[in-house]
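Examination of the molecular architecture
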Amino acid sequence: MTFEQFKIYHSETIMYCQCIEHDLKWIYSYMHKGDQYENFEKLGKTTLGALVKKLKELDNSDGNPFISNDDYNFLKQMTEKRNYWCHQCCIDFVYEKNFLSSKEYEKICNKLQRDHDRLERVSDSVEKVRLKAVEAYKR
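Residue numbers restart at each chain and count upward from 1, following the sequence in its written direction. Where totals are concerned, whole chains, interfaces and linings use all residues; where local detail is concerned, this predicted model gives features only for residues with pLDDT of at least 70, and gives and counts side-chain atom pairs only at 80 or more. Computation of side-chain values: all heavy atoms of the structure, hydrogens and water removed.

Right, let's get into the overall build of the chain. Each helix is a run of H or I in the DSSP string that is no shorter than four residues. Each strand is a run of E no shorter than two, and both are numbered from the N terminus. Per the secondary structure count, the chain includes five helices and zero strands. In the chain, the succession of α and β elements from N to C terminus is α-α-α-α-α. Here the C-alpha coordinates of the chain stretch approximately 55 × 25 × 20 Å along the principal axes. Under the scheme applied here, a residue whose accessible area is under 20% of the maximum for its type counts as buried, over 50% as exposed, and between as partly exposed, the area being computed with a 1.4 Å probe on protein chains only. Counting every position in the chain, which comprises 139 residues, the buried fraction comes to 38%.

For the rest of this paragraph, the subject is the environment of Glu80. Turning to its location among the elements, Glu80 is positioned in helix α4 (residues 69-87). For the pair Glu80 and Arg118, spaced 38 residues apart in sequence, the C-alpha separation works out to 14 Å.

Another aspect to go through is the confidence of the model for the chain. Model confidence for the chain is summarised by a mean pLDDT of 93, while 99% of its residues fall at 70 or above. Confidence scores labelled pLDDT are given residue by residue by the predictor and lie between 0 and 100. Element-level pLDDT for the chain is lowest in α4, with a mean of 91, against a maximum mean of 96 in helix α1 (residues 3-31).

Okay, the environment of Tyr16 next. Take Tyr16: it is sitting in helix α1. Tyr16 sits 57 residues away from Asn73 along the chain, and the two C-alpha atoms are 17 Å apart. Pairs of residues are marked as contacts when any of their non-hydrogen atoms sit within 4.5 Å. When sequence neighbours within four positions are dropped, the list of residues in contact with Tyr16 reads His116, Leu119, Glu120 and Ser123.

This part is about unusual backbone geometry. In this structure, Asn98 takes a positive phi of about 50° despite not being glycine. Relative to the helices and strands, Asn98 resides in the loop between α4 and α5 (103-136).

So, about the packing of α1 against α5. Look at α1 against α5: their axes get within 8 Å of each other, and the N-to-C directions meet at 30°. One element, α1, and the other, α5, form an angle in the roughly parallel class. Between α1 and α5 lies a crossing of left-handed hand. For the contact of α1 with α5, the class distribution of residues is 21 nonpolar, five polar and six charged. Helix axes are fitted to C-alpha atoms over the stretch in contact, other axes to C-alpha atoms as well, and angles between N-to-C directions run from 0 to 180 degrees. Throughout this description, any angle smaller than 35 degrees is read as roughly parallel, any larger than 145 degrees as roughly antiparallel, any in the 65 to 115 degree range as roughly perpendicular, and the remainder as oblique. Take the far helix as your reference; a near helix turned counterclockwise from it by less than a right angle gives a left-handed crossing, and one turned clockwise gives a right-handed crossing. Nonpolar residues are Ala, Val, Leu, Ile, Met, Phe, Trp, Tyr, Cys and Pro. Charged residues are Asp, Glu, Lys and Arg, and all others, Gly as well, are polar.

Moving on: helix α3 (residues 48-60). For α3, spanning 13 residues, the distance from its first C-alpha to its last is 18 Å, which sits close to the expected 18 Å at 1.5 Å a residue. Of all the positions in α3, only Leu48, Leu51, Val52, Leu55 and Asp59 are classed as buried. Projection of α3 onto a plane perpendicular to its axis shows the buried side chains occupying an angular sector of 95°, all on one side. Along α3, the residues that are exposed and aim more than 90 degrees away from the buried face are Lys53 and Glu57. Buried positions along α3 lie against α1, α2 (36-43) and α4. Expected helix span is computed as 1.5 Å times (number of residues minus one). What the arc covers is the set of directions going from the helix axis to the C-beta atoms.

Let's shift gears to the packing of aromatic side chains. Here a ring pair, both rings aromatic, is described through the centre-centre distance and the interplanar angle of the planes. The pairing test for Phe, Tyr and Trp rings, Trp by its six-membered ring, is centres within 6.5 Å, and the orientation test on the planes gives stacked under 30 degrees, edge-to-face over 60, and tilted for anything in between. Evaluation of the coordinates by the stated rule reveals 13 aromatic pairs. Relative to Phe99, the ring of Phe93 lies with its centre 5.1 Å away and its plane at 45°, an arrangement referred to as tilted. Both residues of the pair, Phe93 and Phe99, count as buried. Centre to centre, the rings of Phe99 and Tyr105 are 5.7 Å apart; their planes meet at 70°, and the pair counts as edge-to-face. What makes Phe99 buried here is its relative accessible area of 17%. Three or more aromatic residues joined by ring pairs form one cluster here, namely Phe3, Phe6, Phe93, Phe99 and Tyr105. Lysine NZ or arginine CZ positioned within 6 Å of the ring centre and within 35 degrees of the ring normal marks a charge as sitting over the ring. Over the ring of Tyr84 we find Lys111, and its NZ or CZ is 4.5 Å from the ring centre. Sitting over the face of the ring of Phe74, Arg118 holds its NZ or CZ atom 4.0 Å from the ring centroid.

Right under this line is the structure:
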């Protein structure tokens, strides 16, 4: 993977994480009792991990969840993935001499490709769930 490709995949990966988190906040906000806009504001600086936990509890409270347990497990792992891509990945290779041809860069590029593709699919799925939640919980 060229470094230009890396930068595009890296940016898209972070974008998918942000969109997923934003959509999860809206899903929770619509499902929770009260005004969805106030609910969204109350989430404020809620961490992704705490949000996933709250949403899973609320989503499963009626026995008919929008999101599967497998997907919730992935969403819990997503925090770690997001933190890696935001705070660590470049440090893992950029200081290598001729990093573009290093094994470490190749390894990280492979990991980026996998995470990018999975997060793209999850982002699309979560967006669909958000739209279903909006429809189901119209007020």
